[in-house]
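Listed below are the residues making up each chain.
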Amino acid sequence: LTPLQQYDPEIFDLIEKEKHRQWRGLELIASENFTSQAVMEANASCLTNKYSEGLPHHRYYGGNDVVDQVEEICQKRALAAFRLDPAVWGVNVQPYSGSTANFAALTALLKPHDRLMGLDLPSGGHLTHGYQTAKKKVSASAIYFESMPYQLDPATSLIDYNRLEDHAKLFRPNLLICGGSAYPRDWEYARLRSIADQHGAYVMCDMAHISGLVAAQEMKDPFEFCDVVTTTTHKTLRGPRAGLIFFRKSPPPQANGSPAATPAQPYDLEARVNAAVFPACQGGPHNNTIAAIAVALKQAATPEFRTYAVNVRKNAAKLADTLKELGYKIVTDGTCNHTVLWDLRPNGLTGSKIEKLCDYLDITLNKNSVQGDTSALSPGGVRLGSSALTSRGFLEADFVKVGHFLDRAVKIALKLQDKVGKKLVDFEAELAKKDNAEITQLRHE
Ligand code: PLP
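Source: prediction; values computed, not measured.

Let us look at the environment of Leu176. For Leu176, the location among the structural elements is in strand S7 (residues 175-178). In this structure the C-alpha to C-alpha distance between Leu176 and Pro149, which are 27 residues apart in sequence, comes to 9.6 Å. The residues contacting Leu176, other than those within four sequence positions of it, are Met117, Leu192, Ile195, Ala196, Ala201 and Val203.

Now the structure itself:
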């Protein structure tokens with residue numbers, strides 16, 4: 001018996017059940033992945049016992065010789081993974097997660113009540129990019145700063161850069177944020193830089209979803225035109241749950257290739273980002289996680305990882321094509337990253353129903369807003385991602401099968417809806433009976 005099994009069989013059993021759930025099902029959540037055993041070993045190591053507030057060689061605690069080495073290796077590998085010159089870029093590897101990385105970055109770049117513009121949550125942005133509704137400032141990034149989110153073009157579901165530029169003229173942002181959680185296309189970084197430069201604003205990219213693809217050069221490089229780049233480490237990058245903040249040591253060139261505009265305030269992002277992470281937003285770093293990030297970054301530098309990233313994109317494109325061939329509507333008519341946004345409104349279904357039904361089928365995905373949705377609680381779409389199943393070795397032919405499973409799920413959902421009506425509670429009650437032969441059949445396949 002393992003120590004955990006002996007001491008706490010209840011938690012041991014739950015972890016075993018979750019392991020089983022992760023391996024048995026089809027994992028299609030775009031923000032998730034399967035990290036390696038080596039990453040998990042580092043993450044579960046004795047480094048969790050150590051306090052080390054501060055930066056390598058400048059700590060507030062003794063006994064940090066080893067931890068300093070771990071953190072320095074992690075910093076070096078983070079810069080190398082994205083081909084960054086250490087004379088131009090630095091990195092803080094201590095953020096506990098993506099949200100804390102983003103809040104620390106805002107703390108570094110802005111004063112309270114400064115103005116920021118990020119992609120709206122219902123348009124595919126993230127909460128931490130200034131999310132607010134008409135009634136409520138939901139995210140701390142909207143509570144402590146003034147936020148004016150930008151949106152998609154309703155005709156194309158692509159970012160409306162012209163409208164963003166017009167709104168920026170009125171709002172005069174101090175910061176433009178790009179990057180999102182449910183945006184299946186690449187970003188116009190040069191365009192964002194030129195809009196920001198009109199207002200002396202910073203540009204920050206939150207590449208959380210796509211950082212593995214950026215590392216493998218499968219998507220455009222945000223570093224060229226951004227002042228700060230944040231990321232989580234557990235999505236396409238396939239590491240432990242954590243965040244990174246990359247900062248420039250000197251201002252970026254302008255979008256037209258001219259030398260950098262003179263910034264309004266001293267360009268001391270290194271000092272500001274480091275102070276924002278600790279002591280402004282966090283305490284002691286999670287050294288076990290930092291070691292695990294270092295392992296993941298070593299893996300991200302291998303040819304195998306590059307092949308992985310190529311396959312992530314091919315597989316997502318194949319899934320989108322398969323669903324389109326089956327007659328479904330895919331937002332932006334496809335994808336160029338790992339995410340497929342599937343609009344179920346033309347089929348008369350909500351994303352919530354497909355999410356619930358798929359839980360019974362051991363297919364894990366999440367409901368998601370699509371352009372024009374009126375209810376965030378019951379959105380009309382579903383977000384699918386190829387990163388996790390690609391880690392399990394799925395290739396394009398496998399994703400064709402996944403597309404066909406999803407098609408059968410929709411057909412089952414439509415029959416159930418015909419039987420019980422449109423209310424989600426009734427739909428769920430019907431599922432809870434667990435007596436549907438088609439569901440049982442599909443689950444076994
Ligand atoms: N940024 C983006 C773009 C994300 O999609 C997410 C999470 O999904 C985050 C930040 C937040 O990361 P975390 O959940 O690690 O706080």
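So, next bit.
The interhelical angle for the contact between helix H15 (residues 396-420) and helix H16 (residues 424-432), taken along N-to-C directions, is 110°, at an axis separation of 10 Å. Regarding the angle of H15 to H16, the classification is roughly perpendicular. Both H15 and H16 take part in a crossing whose hand is right-handed. For the pair H15 and H16, the contacting residues are Leu416, Gln417, Lys419 and Val420 in the first and Asp426, Phe427 and Glu430 in the second.

Time to look at the site of the ligand. Close contacts around the ligand come from 15 residues, with Ser97, Gly98, Ser99, Ser181 and Ala208 the closest. With three residues, the top contributor of residues to the shell around the ligand is helix H5 (residues 98-109). Classifying every residue of the shell around the ligand by side-chain character gives one nonpolar, twelve polar and two charged.

Among the five residues that make up strand S9 (residues 228-232), five are buried, leaving the element largely enclosed by the rest of the structure. Judged by which residues are buried, S9 turns out to be covered on both faces: Val228, Thr230 and Thr232 on one side and Val229 and Thr231 on the other are all buried. Bridge analysis of S9 against strand S10 (residues 243-248) gives five bridges, and the strand direction is antiparallel. Looking across to S10, one finds that Val229 is bridged to Phe246.

In this section: the sheet that holds S9. Strand pairs in the sheet, formed through backbone hydrogen bonds, run parallel or antiparallel to each other. Taken in spatial order, the seven strands of this open sheet run S4-S10-S9-S8-S7-S5-S6, and their pairing is mixed. Both edges of this open sheet fall to strand S4 (89-92) and strand S6 (146-147), since each of them pairs with a single strand only. With two bridges joining them, strand S5 (residues 115-117) and S7 adopt parallel strand pairing. In the sheet register, Leu116 faces S7, and the bridge partner there is Leu175.

Position of Asn33 among the secondary structure elements: in the loop between strand S1 (26-27) and helix H3 (37-43). Overall, the presence of 24 C-beta atoms within 10 Å leaves Asn33 in the buried class. Apart from the residues lying within four places of it in its own chain, the contact partners of Asn33 are His234, Lys235, Thr236, Arg238, Ser387, Ala388 and Ser391.

UniProt's entry tags Lys235 with the feature "modified residue: N6-(pyridoxal phosphate)lysine" (unreviewed entry), counted in the numbering of this structure. In this fold, Lys235 is placed in the loop between S9 and S10. Apart from residues lying up to four places away in sequence, Lys235 is in contact with Ser31, Asn33, Ala208, His209, Ser211, Gly212 and Ser387.

A separate point is the nonpolar core. Counting residues in hydrophobic clusters, the biggest one holds 120 residues, and the most contacted among them are Ala105, Leu176, Val203, Met204, Val228 and Ile245. For Val203, the contacting residues outside a window of four places in its chain are Leu176, Cys178, Leu192, Arg193, Ala196, Phe225, Cys226 and Asp227.

Within the sequence span of helix H8 (residues 189-197), burial applies to Tyr189, Leu192, Arg193, Ile195 and Ala196. Down the axis, H8 shows its buried residues gathered within 165° of arc, on one side only. In the core, the buried residues of H8 are packed alongside helix H7 (161-171), S7 and strand S8 (202-206).

In this section: the packing of helix H4 (residues 65-81) against helix H11 (residues 287-300). Between two packed helices, both the angle of their axes relative to each other and the distance between the axes serve to describe the pair. It is at 9 Å that the axes of H4 and H11 come closest, and there the two elements cross at 35°. In this structure, the crossing between H4 and H11 has a hand that is left-handed. Contacts from Val67, Val70, Glu71, Ile73, Cys74, Arg77, Ala78 and Ala81 of H4 reach H11 at Asn287, Ile290, Ala291, Ile293, Ala294, Leu297, Lys298 and Ala300. Tallied by class, residues from the contact of H4 with H11 come to twelve nonpolar, one polar and three charged.

Once that is clear, we can look at the pairing of strand S12 (residues 339-343). Most of S12 is tucked away, with five of its five residues classed as buried. On S12, burial covers both faces: Thr339, Leu341 and Asp343 on one face and Val340 and Trp342 on the other are all buried. Pairing of strand S11 (residues 329-330) with S12 involves two bridges; the strand directions are antiparallel. By the bridge assignment for S12, Lys329 is matched with Asp343. Bridge count between S12 and strand S15 (residues 381-385): five bridges; the pairing is antiparallel. Among the inter-strand pairings, Leu341 is bridged to a residue of S15, identified as Arg383.

We now examine the sheet that holds strand S14 (residues 366-368). Spatially, S11-S12-S15-S14 is the arrangement adopted by the four strands of the open sheet, whose pairing is antiparallel. Looking at the sheet topology across the chains shown, the edges are occupied by S11 and S14. Sheet contacts for helix H13 (residues 351-360): S14 and S15; angle to S14, the most-contacted strand, approximately 175°.

The rules behind these values
- Residues numbered from 1 in each chain as written.
- Predicted model: local features only at pLDDT ≥ 70, side-chain atom pairs only at ≥ 80, totals over all residues.
- Helix = DSSP H or I, 4+ residues; strand = E, 2+ residues; numbered from the N terminus.
- Contact = placed C-beta atoms within 7 Å.
- Axes fitted to C-alpha atoms, helices over the stretch in contact; angles between N-to-C directions.
- Parallel < 35°, antiparallel > 145°, perpendicular 65-115°, else oblique.
- Left-handed = near helix turned anticlockwise from the far one by under 90°.
- Near = placed C-beta within 6 Å.
- Nonpolar A, V, L, I, M, F, W, Y, C, P; charged D, E, K, R; others polar.
- Buried ≥ 20, exposed ≤ 12 C-beta atoms within 10 Å, placed from the backbone.
- Pairing = 2+ DSSP bridges.
- UniProt positions renumbered as here; feature names shortened; annotations may be inferred.
- Core = buried A, V, L, I, M, F, W, Y, C linked by C-beta atoms within 7 Å.
- Arc of directions from axis to C-beta.

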